[in-house]
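# Understanding the architecture of this molecule
Here's the letter readout for the chains.
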Amino acid sequence: MQKWREFVAVGAGIVLVFAGGCLGEFQIPEIPMTEGLDLRSVSAGAFHACAVDNDGTVYCWGSNSSGQLGDGSATDKSGPSPVTGGSLRFSSVSAGGVHTCAITIARRAYCWGDNSSGQLGTGQLGSSALEPVQVLTDELLVRIAAGNGHTCAVTEDGAALCWGAQSAGQLGIGSSGPDPRTSPERVAGGLIVRTISAGAEHTCAVATDGAGYCWGAGNAGQLGTGMGSGAELPTLVAGGLLFDDIVAGVNHTCGVTPDLEVYCWGDGSSGQLGTGNLSSSQTPVRVPLEVSDAIEEGAVGAGGAYSCAAFGETMRCWGFNDAGQLGNGTTTSATSPVEVVGGRTFLAISTSLAPFSGFTCGITLEEIVFCWGAGSSGQLGNGSQQNQSGPVRVNGQN
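Rules behind the numbers
- Residues numbered from 1 in each chain as written.
- Predicted model: local features only at pLDDT ≥ 70, side-chain atom pairs only at ≥ 80, totals over all residues.
- Heavy atoms only, no water.
- Helix = DSSP H or I, 4+ residues; strand = E, 2+ residues; numbered from the N terminus.
- Buried < 20%, exposed > 50% of the residue type's maximum accessible area, 1.4 Å probe, protein only.
- Contact = heavy atoms within 4.5 Å.
- Areas by Shrake-Rupley, 256 points an atom, 1.4 Å probe, with all protein chains shown as cover.
- Lys, Arg positive; Asp, Glu negative; His and termini not counted.
- Charge placed at Lys NZ, Arg CZ, Asp CG, Glu CD.
- Pairing = 2+ DSSP bridges.
- Axes fitted to C-alpha atoms, helices over the stretch in contact; angles between N-to-C directions.
- Polar contact = N/O pair within 3.5 Å; in protein donor to acceptor, adjacent residues only side chain to side chain.
- pLDDT = per-residue confidence, 0-100.
- Disulfide = S-S within 2.5 Å.
- 1 Å grid on protein atoms, 1.4 Å probe; cavity = no way out; pocket = protein on both sides within 12 Å on 5 of 7 lines; lining within 4 Å.
- Points joined across faces, edges and corners; volume = space filled by probe spheres on them.
- Nonpolar A, V, L, I, M, F, W, Y, C, P; charged D, E, K, R; others polar.

A few words now on the overall build of the protein. Within the protein, the secondary structure is distributed over zero helices and 31 strands. Each of the 398 residues in the protein was classed as buried or not, and the buried ones make up 57%. Across the protein, every contact between residues at least 6 apart in sequence was considered, and the portion connecting residues at least 24 apart equals 48%. For the protein, the computed accessible surface area is about 15,200 Å², with 48% contributed by carbon and sulfur atoms. Taking the average location of the 15 positive side-chain charges in the protein and that of its 34 negative ones, the two points are 3 Å from each other.

What follows is about the sheet that holds strand 12 (residues 141–146). Judged by pairing direction, the sheet is antiparallel, and its four strands sit side by side in the order 12-13-14-15 without closing on themselves. Edge positions in the sheet fall to strand 12 and strand 15 (177–186), since each has one partner strand and no second. Ignoring which end each strand starts from, the neighbouring axes of this sheet average 15° apart. Here strand 12 pairs with strand 13 (residues 150–155) via five bridges, running antiparallel. Of the residues in strand 13, the one forming a bridge with Ala146 is Thr151.

Let us now look at the side chain of Thr351. Inspection of the secondary structure puts Thr351 in strand 28 (residues 346–351). The exposure class of Thr351 is buried, given its relative accessible area of 8%. Here Gly303 takes part through its backbone nitrogen, which lies 3.4 Å from a polar atom of the side chain of Thr351. Here Thr351 is in contact with Ala44, Gly301, Ala302, Gly303, Tyr306, Cys308, Phe359 and Thr360, once residues within four sequence places are set aside.

All right, on to the confidence of the model for the protein then. Residues of the protein with pLDDT of at least 70 account for 93%, and the chain-wide mean is 92. Of the regions scoring below 50 in pLDDT, residues 1–26 engages in 40 contacts with residues more than four places distant in sequence or in other chains.

Moving on, we come to the state of the cysteines. On inspection of all chains with the given rule, the structure shows seven disulfides. Two residues, Cys50 and Cys60, share a disulfide whose sulfurs are 2.0 Å apart. With the S-S dihedral at roughly 110°, the linkage between Cys50 and Cys60 falls on the right-handed side. With Cys50 in strand 5 (residues 48–53) and Cys60 in strand 6 (residues 58–62), the pair connects residues that are ten residues apart, well separated along the chain. This pair shows no difference in class: Cys50 is buried, exactly as Cys60 is. Put simply, Cys101 and Cys111 are joined by a disulfide, and their sulfur atoms are 2.0 Å apart. Across the disulfide from Cys101 to Cys111, rotation about the S-S bond amounts to roughly 110°, and the bridge is consequently right-handed. Of this pair, Cys101 sits in strand 9 (residues 99–104) while Cys111 sits in strand 10 (residues 109–113), and the two are ten residues apart along the sequence. This pair shows no difference in class: Cys101 is buried, exactly as Cys111 is.

What follows deals with the layout of surface pockets. Empty space within the largest pocket amounts to approximately 1,300 Å³. Lining the largest pocket are 47 residues, with Val42, Arg143, Asp245, Ala348 and Ile349 sitting closest to its centre. For the lining of the largest pocket, the secondary structure elements donating two or more residues are strand 4 (39–44), strand 8 (90–95), strand 12, strand 16 (193–198), strand 20 (245–248), strand 24 (299–302), strand 25 (306–311) and strand 28. Among the elements that take part in the lining of the largest pocket, strand 28 stands out by supplying six residues, more than any other. Here the lining of the largest pocket is composed, by residue class, of 27 nonpolar, 14 polar and six charged.

On to the sheet that holds strand 26 (residues 314–319). Taken together, the four strands give an open sheet; going across it, the order is 24-25-26-27, and neighbouring strands pair in antiparallel fashion. Only two strands of the sheet have a single partner each, and these edge strands are strand 24 and strand 27 (334–339). Taken pair by pair, the neighbouring strands of this sheet meet at an average axis angle of 15°, ignoring direction. When strand 24 meets strand 25, the two strands line up antiparallel, connected through four bridges.

Among the structural elements, Val291 can be located in the loop between strand 23 (281–286) and strand 24. With 252 residues separating them along the chain, Val291 and Leu39 place their C-alpha atoms 27 Å apart. The residues touching Val291, leaving out its near neighbours within four places in the chain, are Leu260 and Phe311.

Pasting the structure below:
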């Protein structure tokens, strides 16, 4: 058995660690002294998160190993740090595995962070970017979604674009393999969509008629097509359901219907389908959630091996809970929805793509961002590197 002894400095600095007679070091995340933030959205990546302020500035926090925080450094931050955007003003942001992408108010796309699979869309492969770089497309974009190693977007006219890794067909261009695409390509089939979500190795979208489509890896049933195989082209989700939104996770997917019913499909081995057991499903199964008739809209998230849904005062999560990502005050996994503590009303939620030690962020009715779950990289944004099994307020907000 190894014996560990740690000497930890307060604030940003070096931690010396003696492990079995060996000396090593790692960097404590810095705590930016940002104040007066009015955040209006939030997106959780694998081990970092980002949000857009009312003035159009993007702030990010957490792991920064590949520059995914976009502040010109590769240093982790445990509080919001402004993205180096110069005069750029953003309308939305999406945090992925180790990269981040955002859309400006002029509807142009910029990405930063890891580019080992071409996921920044700059026409180049391999070089990470510590600051925003423009995606190579003349299309005006209204939505963007950063996955694990790929990125997708929706154009002004509803076309779907994807770029980056296509190892499992997650770009939807009719091919798969080790040759990534370094600039945006239109998803095949002429699909017109209103939402898009990039998961670990699969992608899902909602068409303008409400039908759900998924493509990419399908070994766990995460495409919802009734088959345990992948697809290189958009494939209709089985069951005839209509959706307001669909969110792709690691090996499972969840969606919310216009009737405010939540369905999940794919890997259920950690209870992430919310059906009360550990069964997986290749087609959508309904999550037992009671929603008030007075609620007009809801939000759903599919993370590494857990899921969440928010409907007014009803905020519940289910699945794997090793770091407290379910937010119910425990680290006990749950096969059925459990209530997030604190009694807050969340307008939107975002779940982490981390396969383990996940975290969750949400924005409340009062437009305050809270996060919970794993915090070792500062991804909760509260100035700490500790896990939290209930919501904690991100630093610097009004």
